[in-house]
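Residues per chain are reported as follows:
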Amino acid sequence: YPPPCMNLDISVTGELRIDWDAYRTWVNGLAPAEAAQVLTRAGALKTCPGSIDMLRCEIANEYRVFDLLERHLQVPDRLQDACLFPVRESAVRRLIELYYQFDAPVVRDLLGKKLNSKTRRDLEDTAERNSLALVSCRRQFDNLRRVFKAVEELKGSLVGNIRALFLLPEHLAKEYAAAVFLTNQRFETSKRKLGFLSFNDFAHCANQMIAHWSYSSKDCASQDMDQDLDANFLRDLKELKAMGEREALEEIRGQLASKLQLAPLSQTAMADFEAGHKQLLRRLTQLALSLTTSKDTRDFFLDTVEQLVEPWSQAGWTCNDVEQFLATYRAAAKETSTLMRATKARQKTWDRMLVPMSACIVKIYASYLNSREA
C-alpha cells in the first residue's frame, strides 16, 4: 500500500541581505521615523529615489528582521546555527560586532556599580547626559551584564573566553575584559576626583593589571580566573613590606639622587623632589604595596590621584618628568640591600608590581594634565 499522505509546511528563504545603515540605527535605538530622518540627511534618497515615508516603511521592515535576530545575537556562538535566515559568516561577525559595540561614556558610568536591575532602571540620566537613546543604553548595559555573567566562573584568559563565547574581535574583547575586571575587583571609579578619567583610561590600566597581576601573567605558575588577582603574587608582595620601612626608603633616596644626576628631571621637578623626597617616596612605595588588602586595592585610582598626581601637578611636573622619575625609582629600588637580600622570586614580584603600576600612573597623569588644559 502507498504511504499515507502527509501535510508539510515548507519555507524556502534566500540569503539574508542586511541594510547596514538601517542596522546601525536599530542598534543605536532609533525608531523607524527617526532613522529615516537621519539617513535622509546622510543622502539615502539621493542614491535610492523615493519619499521619506517610503524610506521609513522600508526601515520598519528591516527592523522586524533585526528584532527576530536579536535573541540569537544574545548567544553569538550559536547564532549561525540557530538563525532562521541563511547568513554569511562574514555578515554574522559584523552583526555581532556592531551589536556589542558600546559608547565609552555609557560603560564609564557603569564602572563601579552593581550590574543589577536598579542600575538598569537608572540609565535615563546616562542616556540624557550623553544624548543617546535609552534603548541603546539598555542594550549596552544588558550586553555588559551578559558578558560578565558568562565569564565570571570560567578559568583561563578573560579575553580568550570572551572571544570564544561572543565571537568578538580582539580589541572589543579587551575592552569588555577591562570592564569585567574593574567591576569584579570593585575598583572605586565614581568619586568626583576621578571624573577626568575616561573609560579608555581605565581600560588601559585594567589591561595592564590583567597582563601582569592576574592569572594570565607570564609570571604566574598556576591557572585560575583572570578577573582575580594572582594569590601567590599578593602573598609574595606582602613579604616585601620592608621596602616601605625607613631604612629602605633612605637607600632608595640615595640611589635615586645618584641616578637622577645621569638622567635629570626638569629643574622644577628636581627642586620639588629634593624638597619633599621623604613624603614622595613613602607615598609611592606604600601605593606599590597596597594590593595586599582589598580596601587599598579598591582605592588604587583614588590614592594615585590624591597622593601622587595632584601634588606633582601643583609642583609643575611634566609627563616626561613623571615617566623618567618612575623608571629611575624602579632601577634604584632594585639596588637596595632589602631587595637584593630577597629571593629572586620576590625580586621579580617587585618588578611585576612596578611595571604596570608605572604605566597606569603615567596614563592617569597625562589625562589629568589634559583635563586641566581643556
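An unreviewed UniProt entry lists the protein under the name Acidic fibroblast growth factor intracellular-binding protein, from Macrostomum lignano.

**Q** What is the right way to look at the overall build of the protein in this model?
**A** Check the secondary structure of the protein and you find 21 helices and 0 strands. Over its C-alpha atoms the protein spans a radius of gyration of 27 Å, topping by over 25% the 21 Å that the globule rule assigns to 374 residues. Dimensions of the protein, computed from C-alpha atoms along their principal axes, come out at roughly 95 × 60 × 35 Å. Counting every position in the protein, which comprises 374 residues, the buried fraction comes to 44%. Between the mean site of the 51 positive side-chain charges and the mean site of the 50 negative ones, the protein shows a separation of 3 Å.

**Q** What should I look at first to understand the packing of aromatic side chains in this one?
**A** The description of an aromatic ring pair uses the distance of the two centres, along with the angle that the planes make with each other. Scanning the entire structure with this criterion turns up 23 aromatic pairs. Taken together, a centroid distance of 6.4 Å and an interplanar angle of 20° make the contact between Trp213 and Phe233 stacked. Highlighted residues: Trp213 in helix 13 (residues 199-213) and Phe233 in helix 14 (residues 231-238), separated in sequence by 20 residues. The residues Trp213 and Phe233 share a single accessibility class, namely buried.

**Q** Honestly, unusual backbone geometry in this entry has me stumped. Any pointers?
**A** The phi torsion of most residues other than glycine is negative, and most of the peptide bonds are trans. With a phi close to 55°, Leu167 is a non-glycine residue in the positive phi region. Within the secondary structure layout, Leu167 lies in the loop between helix 11 (158-166) and helix 12 (170-185). A positive phi is found at Arg186, a non-glycine position, where the angle reads about 55°. With respect to the element layout, Arg186 can be found in the loop between helix 12 and helix 13.

**Q** Whenever I open this one, the environment of Asp303 confuses me. Can you help?
**A** As for its placement among the helices and strands, Asp303 is situated in helix 18 (residues 300-315). Taking the relative accessible area as the measure of exposure, Asp303 reaches 15% and is therefore buried. In this structure, the C-alpha to C-alpha distance between Asp303 and Lys118, residues 185 residues apart in sequence, is 29 Å.

**Q** How should I be thinking about helix 13 in this particular structure?
**A** In an α-helix, one full turn covers 3.6 residues, which means residues spaced three or four apart are oriented alike. Counted at 1.5 Å a residue, the expected span for helix 13 with its 15 residues is 21 Å, and the 20 Å between its end C-alpha atoms agrees. Turning to helix 13, its buried residues are Phe199, Asp201, Phe202, Ala203, Cys205, Ala206, Met209, Ile210 and Trp213. Buried positions along helix 13 lie against helix 7 (104-110), helix 11, helix 12, helix 14, helix 18 and helix 21 (344-373).

**Q** Would you take a moment to explain the pattern of salt bridges for this structure?
**A** In the structure shown here, the tally under the stated rule is 17 salt bridges. The residue Glu335 makes a salt bridge to Lys259 at a minimum N-O spacing of 2.9 Å. Here Glu335, found in the loop between helix 19 (319-334) and helix 20 (337-341), pairs with Lys259, found in helix 15 (residues 246-260); they are 76 residues apart in sequence, far enough to count as distant. Relative accessible area serves as the criterion here: at 36%, Glu335 is assigned to the partly exposed category. One network of salt bridges, with partners in common, ties together Arg120, Asp142 and Arg145.

**Q** Explain the packing of helix 11 against helix 12 here, please?
**A** When two helices pack together, their arrangement is captured by the angle between the axes and the distance separating the axes. Look at helix 11 against helix 12: their axes get within 9 Å of each other, and the N-to-C directions meet at 120°. Put simply, helix 11 runs oblique to helix 12. Between helix 11 and helix 12 lies a crossing whose hand is right-handed. Across from Leu158, Val159, Ile162 and Arg163 in helix 11, the residues of helix 12 making contact are Glu170, Ala173, Lys174, Tyr176, Ala177, Val180 and Phe181. Broken down by class, the residue content of the contact of helix 11 with helix 12 amounts to 8 nonpolar, no polar and 3 charged.

**Q** Would you mind showing me how to read the side chain of Thr328 here?
**A** Of note, Thr328 is situated in helix 19. Owing to a relative accessible area of 5%, Thr328 belongs among the buried residues under this scheme. A distance of 2.8 Å separates a polar side-chain atom of Thr328 from the backbone oxygen of Gln324. With residues up to four places along the chain from it excluded, the contact list for Thr328 reads Leu256, Lys259 and Leu260.

**Q** Looking at this model, I keep getting lost on the domain arrangement of the protein. Mind explaining?
**A** Often the size quoted for an interface is simply the accessible area lost on bringing the parts together. Domain annotation for the protein reports domain 1 (20-87), domain 2 (101-185) and domain 3 (234-373). One C-alpha centre belongs to domain 1, the other to domain 2, and the line joining them spans 23 Å. Of the roughly 650 Å² buried where domain 1 meets domain 2, counting both sides, 57% is carbon and sulfur surface. It is Gln74, Pro76 and Asp77 in domain 1 that bury the most area against domain 2; as a group they hold 55% of the surface buried on that side. Connecting domain 1 to domain 2 are 0 salt bridges. Counting every contact that joins domain 1 to domain 2 gives 1 residue pair in polar contact (both at pLDDT 80 or more).

Calculation criteria
Residues numbered from 1 in each chain as written. Predicted model: local features only at pLDDT ≥ 70, side-chain atom pairs only at ≥ 80, totals over all residues. Heavy atoms only, no water. Helix = DSSP H or I, 4+ residues; strand = E, 2+ residues; numbered from the N terminus. Rg over C-alpha atoms; globule rule 2.2 N^0.38 Å. Buried < 20%, exposed > 50% of the residue type's maximum accessible area, 1.4 Å probe, protein only. Lys, Arg positive; Asp, Glu negative; His and termini not counted. Charge placed at Lys NZ, Arg CZ, Asp CG, Glu CD. Phe/Tyr/Trp six-rings, centres within 6.5 Å; stacked < 30°, edge-to-face > 60°. Expected span 1.5 Å × (residues − 1). Contact = heavy atoms within 4.5 Å. Salt bridge = Lys/Arg side-chain N within 4 Å of Asp/Glu carboxyl O. Axes fitted to C-alpha atoms, helices over the stretch in contact; angles between N-to-C directions. Parallel < 35°, antiparallel > 145°, perpendicular 65-115°, else oblique. Left-handed = near helix turned anticlockwise from the far one by under 90°. Nonpolar A, V, L, I, M, F, W, Y, C, P; charged D, E, K, R; others polar. Polar contact = N/O pair within 3.5 Å; in protein donor to acceptor, adjacent residues only side chain to side chain. Domains from an automatic or database assignment. Buried area = accessible area lost by both parts, 1.4 Å probe.

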